[in-house]
2 protein chains.
Amino acid sequence: MLIEVLHSASSPFLPYLEDKLVIVIDVLRATSTIVTALANGCQAVVPALSPEEALEKRLTLPGSLLGGERHAVRIEGFDLGNSPFDYAPEKVGGKTVILTTTNGTRAIRAASEAPQVWLASFVNLQSIVHSIFREMERNSGLEGIAIFCAGTEDRFDLPDILCAGMLIDALGPEVEVNDLGEASRMLYRAAEGHLIETICRSDHGRKLLSLGLERDIIYCATTNILPIVPVLADGEIVWLADDMRG
Amino acid sequence: MLIEVLHSASSPFLPYLEDKLVIVIDVLRATSTIVTALANGCQAVVPALSPEEALEKRLTLPGSLLGGERHAVRIEGFDLGNSPFDYAPEKVGGKTVILTTTNGTRAIRAASEAPQVWLASFVNLQSIVHSIFREMERNSGLEGIAIFCAGTEDRFDLPDILCAGMLIDALGPEVEVNDLGEASRMLYRAAEGHLIETICRSDHGRKLLSLGLERDIIYCATTNILPIVPVLADGEIVWLADDMRG
């Protein structure tokens, strides 16, 4: 099975997705935050491309919350920002959250042609690996996996690539990868012993540090603490439940 | 000084180039071949975006040769392909070559707004490093360096990134880099002891191997054998001569 890593979902050369599982990664912070929200009892996360689209969607979803950031800062008038610490059980339990972030929600939208779209981050990585192995055993006609790193605009984002590399490394030496997949595995192995430091030195890490968000980085660089696979279904991100999938 | 590495020159988010030195890298094989051609006495290489543009340019350059590839194969009717071994002294000595390749010549063209455009590859890397240090000493108003990896379409190309990493590594620990610059340095350090094997395993490497071009890969992965810095001047690529630059 071929695993292709893409540095951003805004490439004009996206692969054919209709027979693929797409895994979207936005470590700092959209996918880490969505995993956390679902773990804390949030019913569903609805991705929106813009604050305007988020406001429109709320009209059809009474009782929902608005979450999101631009330039790493909470959007004015929104209930929640993009920090996983905003998504505590007492805030999001039982609620639907409409979320818009600079890169993450765009990557999720770009993936939506694929029959399956999952969301990965360091905090839920082991669950993603287990679910991929189960998917391979089910032999469900899946022809490959595309890993969409959200990136920053069209730029390569080291935290996302390291997370992709950890995933590929965990799948074992037999998987076939593209050049960026090979590079991400090499980078993960080189950074494995000092992941937090490497992420703090990245462009996005330094930006969050300058905003006093060190706690967010440390949380988002923590591996395998939440047993959740968020999946896109009918425009909403929900738990991947075994019973949903036969 | 900030050094930004770009995985491809086809990004819609190119940095501001007018105060930068751009270094274009296309290890397999355009920049390796151009360096070789100039070392073998070729007078100038004129980059063309398409075979049609190359044919047009020849009308104004009598006596010139046509070189280039599509899908790694020589273009029908052209004098030379894209293998460095095509550019022997007896073929290119004293001649101008009009060259079109799938990715390399496009990256060179995309860089042309910059006041200085140089071409790097493993074969001339040490000369590039020396020239950068000299440029820094001259304190010529240069605000930064952008390294354009030619890539493959919009895709990340591991051989190009490894070459960028070798360059950044050689410039020492003080240089400031973007995420892809940091990643390329990490990748180069991880692959340094087995560069040829890593390049052979890359997407582009495997493609050339399948065409029987192992000799080209081994040559293009050889470091520091040619003391040449090709520079773009008035649409032509020529030697960077010290006396040209005051």
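Draft legend 1. Broad picture of the overall build of chain A. Of the regular secondary structure elements, chain A holds ten helices and eleven strands. Radius of gyration (C-alpha) of chain A: 17 Å, near the 18 Å computed for a compact globule of 246 residues. Across the 246 residues that make up chain A, the buried fraction comes to 55%.

Draft legend 2. Looking closely at the interface of chain A and chain B. Each partner contributes residues to the interface: chain A has 22 residues there, and chain B has 22 residues. Taken together, the elements giving at least two residues each to the side of chain A that touches chain B come down to α6 (158–170) and α7 (179–191) of chain A. If you tally residues by element for the side of chain A that touches chain B, the top one is α7(A), at seven residues.

Draft legend 3. Region of the structure containing the relation of the copies chain A and chain B. With an RMSD of 0.0 Å, chain A superimposes on chain B once it is rotated by 180° and translated 0.0 Å along the axis. With respect to symmetry, the two chain copies, as superposed, fit the operation of a two-fold axis. Residue L187(A) of chain A places its C-alpha closer to the rotation axis than any other residue of that unit, at 3.2 Å. Of the interface residues in chain A, 100% have counterparts in chain B that sit at the interface too, so the contact is made through matching surfaces.

Draft legend 4. Looking closely at the environment of R70(A). Residues and elements named next belong to chain A. By the secondary structure assignment, R70 is in strand β4 (residues 65–70). The spatial distance from the C-alpha of R70 to the C-alpha of T101 is 6.4 Å, given a sequence separation of 31 residues. Once residues within four sequence positions are removed from consideration, R70 is found in contact with I75 and T102.

Draft legend 5. Layout of unusual backbone geometry. Residues and elements named next belong to chain A. Going from L28 to R29, the amide bond is cis rather than trans, its omega being 5°. Located in the positive-phi region is A72, a residue other than glycine, with phi close to 70°. Here A72 falls in the partly exposed class, since 19 other C-beta atoms lie within 10 Å of it.

Draft legend 6. Fine view of helix α9 (residues 203–210) of chain B. Residues and elements named next belong to chain B. For α9, the complete set of buried residues consists of H204, G205 and L208. Seen end-on, α9 carries its buried residues on one side only, within an arc spanning 100°. One or two positions beyond α9, positive phi appears at G212, with a value near 80°.

Draft legend 7. Region of the structure containing the confidence of the model for chain A. Of all residues in chain A, 98% have pLDDT values of 70 or greater, and the mean over the chain is 94. Scoring the predicted complex yields pTM 0.94 and, for the interface, ipTM 0.91.

Draft legend 8. Local environment of the packing of helix α5 (residues 125–138) of chain A against α6(A). All names here are of chain A. Here α5 crosses α6 at 45°, and the two axes come no closer than 10 Å. One way to sum up the angle between α5 and α6 is to call them oblique. For the pair α5 and α6, the crossing hand works out as right-handed. In this structure, α5 uses L125, I128 and V129 to contact α6, whose residues at the interface are C163, M166, L167 and A170. Here the residues of the contact of α5 with α6 are counted per class, giving seven nonpolar, no polar and no charged.

Draft legend 9. Representation of the pairing of strand β7 (residues 116–120) of chain B in the model. Residues and elements named next belong to chain B. Among the five residues of β7, five are classified as buried, and the element is accordingly described as predominantly covered. Every second residue of β7 is oriented toward a common face, with Q116, W118 and A120 on one face and V117 and L119 on the other, all of them buried. Bridge count between strand β2 (residues 20–25) and β7: five bridges; the pairing is parallel. Paired with L21 across the bridge in β7 is Q116.

Draft legend 10. Representation of the environment of V45(B). Residues and elements named next belong to chain B. Of note, V45 is situated in strand β3 (residues 44–47). A tally of 29 C-beta atoms within 10 Å means that V45 is categorised as buried. Sequence separation between V45 and E236 is 191 residues, and the spatial gap between their C-alpha atoms is 5.8 Å. Excluding anything up to four places from it in sequence, V45 contacts I34, A37, V97, L99 and I237.

Draft legend 11. Quick peek at the packing of helix α6 (residues 158–170) of chain B against helix α7 (residues 179–191) of chain B. All names here are of chain B. Two elements in contact, α6 and α7, have axes whose closest approach is 7 Å; the angle formed by their N-to-C orientations is 95°. For the element pair α6 / α7, the angle class is roughly perpendicular. Across from I161, L162, A164, G165, M166, I168 and D169 in α6, the residues of α7 making contact are G181, S184, R185, L187, Y188, R189 and A191. The class makeup of the residues in the contact of α6 with α7 is eight nonpolar, three polar and three charged.

Draft legend 12. Just the pairing of strand β10 (residues 230–233) of chain B, in detail. Bridge analysis of β10(B) against strand β11 (residues 236–239) of chain B gives four bridges, and the strand direction is antiparallel. If you follow L232(B) over to β11(B), its bridge partner there is I237(B).

Draft legend 13. Quick peek at the environment of R106(B). Residue and element names in this part refer to chain B. The topology assignment puts R106 in helix α4 (residues 104–110). Distance from R106 to I199, taken between C-alpha atoms, is 22 Å for residues 93 residues apart in sequence. In contact with R106, not counting residues within four places along its chain, are A9 and L49.

Draft legend 14. Summary view of α7(B). In this model, α7(B) (13 residues) spans 18 Å end to end at C-alpha, consistent with the 18 Å of a helix rising 1.5 Å per residue. Turning to α7(B), its buried residues are D179(B), L180(B), G181(B), E182(B), A183(B), S184(B), R185(B), M186(B), L187(B), Y188(B) and A191(B).

Criteria and cut-off values
- Residues numbered from 1 in each chain as written.
- Chains lettered and ligands numbered in written order.
- Predicted model: local features only at pLDDT ≥ 70, side-chain atom pairs only at ≥ 80, totals over all residues.
- Helix = DSSP H or I, 4+ residues; strand = E, 2+ residues; numbered from the N terminus.
- Rg over C-alpha atoms; globule rule 2.2 N^0.38 Å.
- Buried ≥ 20, exposed ≤ 12 C-beta atoms within 10 Å, placed from the backbone.
- Contact = placed C-beta atoms within 7 Å.
- Least-squares fit on C-alpha atoms with pLDDT ≥ 70 in both.
- Arc of directions from axis to C-beta.
- pLDDT = per-residue confidence, 0-100.
- Axes fitted to C-alpha atoms, helices over the stretch in contact; angles between N-to-C directions.
- Parallel < 35°, antiparallel > 145°, perpendicular 65-115°, else oblique.
- Left-handed = near helix turned anticlockwise from the far one by under 90°.
- Nonpolar A, V, L, I, M, F, W, Y, C, P; charged D, E, K, R; others polar.
- Pairing = 2+ DSSP bridges.
- Expected span 1.5 Å × (residues − 1).

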